[in-house]
Amino acid sequence: MGKTYNIEQKIMAKDTPFLPPYFNIDPDAALAELDLPTETGGFAEIARACAQGRADLASRGLNEEGRKDLRLFSTWEITRYLIPVAQAHFRRVLKQNPDLPQGRSETEGGAKWFTLDEVLRLRAFFGAQGSKAKNYLPYRPAGQPAKMVAVANFKGGVGKTSTAAHLAMSAALDGYRVLVIDLDSQGSMTSIFGGQVEDEWQTAFPLLARHYGEYLRTENQRRLDRGDPPQPLDDALSAAMGMTAQDLIQSTHWPNIDLIGAQLNLYWAEFQVPVWRMQARGWKLWDALTDRLEADGVLDAYDLVFIDTPPALGYLTINGLAAADILLVPLGASFLEFDSTGRFFDMLHSTFASIEEGENVAARALGRPEIGFEWDAVRAVITRYDGAQQGELSGLMQAYLGKVLSPHKQDFTALIGQAGEQVNGIYEADYRDFNRETYARGRETFDATYAAFKRLLLGIWRRGELEAQQAAE
Ligand SMILES: Nc1ncnc2c1ncn2[C@@H]1O[C@H](COP(=O)(O)OP(=O)(O)OP(=O)(O)O)[C@@H](O)[C@H]1O
Ligand SMILES: [Mg+2]
């Protein structure tokens with residue numbers, strides 16, 4: 001009430017009578033400002049302008065090879081966030097071991113700075129030498145495969161890419177080997193990691209194509225056995241048959257994060273996949289990504305695979321979801337996002353139930369075991385949280401979603417999005433560019449998001465480890 005009264009007073013206090021801006025617009029003046037109608041070609045012009053601006057922005061702060069550089073890490077940051085030991089002890093150990101990276105300082109006697117590569121080497125050293133009570137090296141049980149994590153919601157702008165990118169970076173800082181797969185033809189994740197992608201042949205597309213091609217080959221063998229003519233593989237499919245995940249993986253400015261990138265052409269998959277499926281009803285399109293990544297040894301080469309998906313439940317998203325062990329569904333604590341996320345889960349149910357049903361009709365007829373999808377864990381994650389405004393709604397969401405809602409709410413922080421063209425998110429930002437408290441608060445919320453995720457991950461790996469031990473007994 002008080003607020004309304006104040007605004008009224010303010011308006012009344014003005015000398016000129018108040019008129020909202022949408023009154024008294026002169027049609028002739030409006031016409032004078034208007035340009036010609038837009039034809040299709042107009043989109044191309046706009047796109048060109050955007051591409052130029054983007055190239056200009058993206059080239060700022062690149063190194064001589066036109067690639068991104070990752071910032072350095074200071075002794076303060078290392079001993080506070082990455083290798084939690086006393087600074088004095090850290091310095092002493094470095095002094096005693098001249099072979100270890102010694103860092104560099106900008107001024108005589110100033111703070112020492114290290115590359116992430118050097119931090120990882122230091123951590124390995126501390127991990128081997130240090131007290132057993134602190135686990136400097138992140139846990140991954142022997143014999144357990146990498147975990148694949150899909151971040152998805154068909155609602156746009158809920159924080160999928162930000163969440164996936166920050167988790168990938170925190171996991172990398174923690175010492176895990178990370179692969180990021182961008183399944184969104186918008187390519188935001190690819191930009192964040194400085195990926196260079198010419199066309200769909202440098203995206204995940206060839207993996208899907210190869211999976212289909214392999215299916216056709218097996219089918220053709222059956223046809224030949226029956227005396228039917230084989231279906232020819234077109235040039236594109238034949239080209240895909242020789243491609244592996246390693247052909248698509250590129251390194252990034254993070255020493256332990258690799259990328260399978262995306263760009264606009266990846267959208268083509270949404271048209272191509274249903275055509276293939278029409279031609280071969282028995283092709284299990286949803287298994288394509290899982291099968292190819294497994295066959296190419298990706299699950300041994302990495303600890304974690306993060307899959308960023310587009311804001312749609314298309315074929316690429318279905319592949320990403322089917323490949324995932326852990327599914328994270330980001331959403332804001334607003335009514336509209338809660339509402340549409342509920343419908344997203346509904347769509348997930350009907351999509352996967354209809355795939356299972358389709359498969360199991362045949363399985364039952366042939367007396368084969370039925371299939372069923374399974375995820376190690378599914379968690380909704382509140383993003384861009386504003387405690388002052390959204391406490392009540394998030395409490396309500398917690399009450400309805402229970403364990404499915406991750407206990408940590410990721411706060412809204414101005415540090416995201418305003419960091420700059422070459423710096424993406426809190427982990428790439430240099431804390432000296434911010435007020436320390438703003439930095440610490442922003443970092444805290446993403447560290448807590450990672451902590452909640454890591455708890456989930458370790459629990460899942462441990463479950464797998466114990467099951468494997470039991471099976472071996
Ligand atoms: N914790 C946060 N605090 C403040 N802003 C955030 C936060 N997380 C994300 N944002 C901002 O919200 C916007 C949308 O985030 P993001 O691109 O991650 O969403 P998305 O779900 O991947 O979008 P899309 O559906 O287009 O792929 C971005 O401008 C991002 O900078
Ligand atoms: Mg996104």
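Here the structure is shown first, and the text comes after it.
Residues numbered from 1 in each chain as written. Chains lettered and ligands numbered in written order. Predicted model: local features only at pLDDT ≥ 70, side-chain atom pairs only at ≥ 80, totals over all residues. Heavy atoms only, no water.

Draft legend 1. Examining a nonpolar patch on the surface more closely. A cluster of nonpolar residues, L19, Y22, F23 and I25, forms a patch on the protein surface that exposes about 480 Å² of accessible area. Along the chain, L19 turns up in the loop between α1 (2-13) and α2 (27-33). (Patch = residues over 30% accessible without salt bridge, like charges linked within 9 Å, V, L, I, M, F, W, Y side chains within 5 Å. Areas by Shrake-Rupley, 256 points an atom, 1.4 Å probe, with all protein chains shown as cover. Salt bridge = Lys/Arg side-chain N within 4 Å of Asp/Glu carboxyl O. Helix = DSSP H or I, 4+ residues; strand = E, 2+ residues; numbered from the N terminus.)

Draft legend 2. Region of the structure containing the sheet that holds strand β1 (residues 73-74). Spatial strand order, β1-β3-β2: 3 strands in an open sheet with antiparallel pairing. Edge positions in the sheet fall to β1 and β2 (104-105), since each has one partner strand and no second. Bridging between β2 and strand β3 (residues 112-114) involves 2 bridges; their strand directions are antiparallel. When the sheet's bridge partners are listed, R104 is paired in β3 with W113. (Pairing = 2+ DSSP bridges.)

Draft legend 3. Here's a closer look at the site of ligand 1. Neighbouring residues of ligand 1: 18 residues in total, closest G157, K160, T161, S162 and T413. At 3.0 Å from a nitrogen atom of ligand 1 is found a main-chain nitrogen or oxygen belonging to D411. In the model, a nitrogen atom of ligand 1 is placed 2.9 Å from a nitrogen or oxygen of the T413 main chain. In the complex, the protein chains occlude 77% of the 640 Å² of accessible area that ligand 1 would expose alone. Counted by class, the shell around ligand 1 contains 5 nonpolar, 9 polar and 4 charged residues. (Near = heavy atom within 4 Å. Polar contact = N/O pair within 3.5 Å; in protein donor to acceptor, adjacent residues only side chain to side chain. Nonpolar A, V, L, I, M, F, W, Y, C, P; charged D, E, K, R; others polar.)

Draft legend 4. Structural view of the packing of aromatic side chains. Summed over the entire model, instances satisfying the criterion amount to 23 aromatic pairs. Arranged with centres 5.9 Å apart and planes meeting at 50°, the rings of Y176 and W461 form a pair that is tilted. Note that Y176 is positioned in the loop between α7 (160-173) and β5 (178-182) and W461 in helix α18 (residues 436-472), a separation of 285 residues in sequence. The burial state of Y176 is the same as that of W461; both residues are buried. Between W276 and W283, the aromatic rings sit 5.9 Å apart at their centres with planes inclined by 75°, giving edge-to-face as the arrangement. (Phe/Tyr/Trp six-rings, centres within 6.5 Å; stacked < 30°, edge-to-face > 60°. Buried < 20%, exposed > 50% of the residue type's maximum accessible area, 1.4 Å probe, protein only.)

Draft legend 5. Seen up close, the nonpolar core. The biggest cluster of nonpolar side chains holds 56 residues, and the ones touching the most others in it are I83, V178, F193, W254, I257, F306 and F453. Those residues within four positions of W254 in sequence are excluded, and the remaining contacts are L70, L116, M169, A172, L173, F193, Y427 and E428. Residues A152, A240, L266 and V305 belong to the second largest nonpolar core, which totals 52 residues. (Core = buried A, V, L, I, M, F, W, Y, C linked by side-chain atoms within 4.5 Å. Contact = heavy atoms within 4.5 Å.)

Draft legend 6. Representation of the side chain of D174 in the model. Structurally, the position occupied by D174 is in the loop between α7 and β5. Among the polar contacts made by the side chain of D174, one reaches the side chain of Y450 at a distance of 2.6 Å. When residues no more than four places from it in sequence are discounted, the contact partners of D174 are R123, P138, Y450 and K454.

Draft legend 7. A look at the sheet that holds strand β7 (residues 257-260). On the basis of which strands lie adjacent, the open sheet formed by 7 strands has the order β6-β7-β5-β8-β4-β9-β10 and mixed pairing. Looking at which strands have only one partner, the edges of the open sheet turn out to be β6 (250-251) and β10 (377-383). α7 contacts β4 (147-151), β5, β7, β8 (304-308), β9 (326-332) and β10 of the sheet and is inclined by roughly 165° relative to β8. (Axes fitted to C-alpha atoms, helices over the stretch in contact; angles between N-to-C directions.)

Draft legend 8. Expanded view of the pairing of β7. Of the two faces of β7, both are covered, the one formed by I257 and L259 as well as the one formed by D258 and I260. Where β5 lies against β7, 4 bridges are found, and the strand directions are parallel. Bridging from a neighbouring strand, L179 pairs with D258 of β7. Two elements, β6 and β7, share 2 bridges in a ladder whose sense is antiparallel.

Draft legend 9. A look at the pattern of salt bridges. Scanning all chains against the criterion turns up 22 salt bridges. D303 is paired through a salt bridge with R140; the nearest N and O atoms lie 2.7 Å apart. Note that D303 is positioned in the loop between α14 (298-301) and β8 and R140 in the loop between α6 (116-129) and β4, a separation of 163 residues in sequence. You can call R140 partly exposed: its relative accessible area is 22%.

Draft legend 10. Examining the pairing of β10 more closely. With respect to burial, β10 is a largely interior element, 6 of its 7 residues being buried. Of the pairings in the sheet, the one linking β9 to β10 comprises 7 bridges and is parallel in character. From the neighbouring strand, L327 faces β10, where its bridge partner is V378. Assessed by its sense of winding, the connection that carries the chain from β9 through helix α16 (residues 335-366) to β10 is right-handed. (Right-handed = clockwise from strand over helix to strand, strands pointing away.)

Draft legend 11. Spotlight on helix α17 (residues 387-401). The sharpest bend along α17 reaches about 30° and sits at L393. Listed in full, the buried residues belonging to α17 are Q390, S394 and M397. Where α17 is buried, its residues meet β9, α16 and β10. N-cap assignment for α17: the residue whose side-chain oxygen lies 3.1 Å from the backbone N of A388 is D386. Immediately beyond the C-terminal end of α17, within one or two residues, lies G402, with a positive phi of roughly 55°. (Bend = angle between axes of the 7 residues up to and from the residue.)

Draft legend 12. Quick look at the environment of S188. Here S188 shows up in helix α8 (residues 188-192). In the structure, S188 is positioned 75 residues away from Q263 in sequence and 8.8 Å away in space, judged by C-alpha atoms. Filtering out sequence-adjacent residues up to four positions away, S188 remains in contact with T161 and D182.

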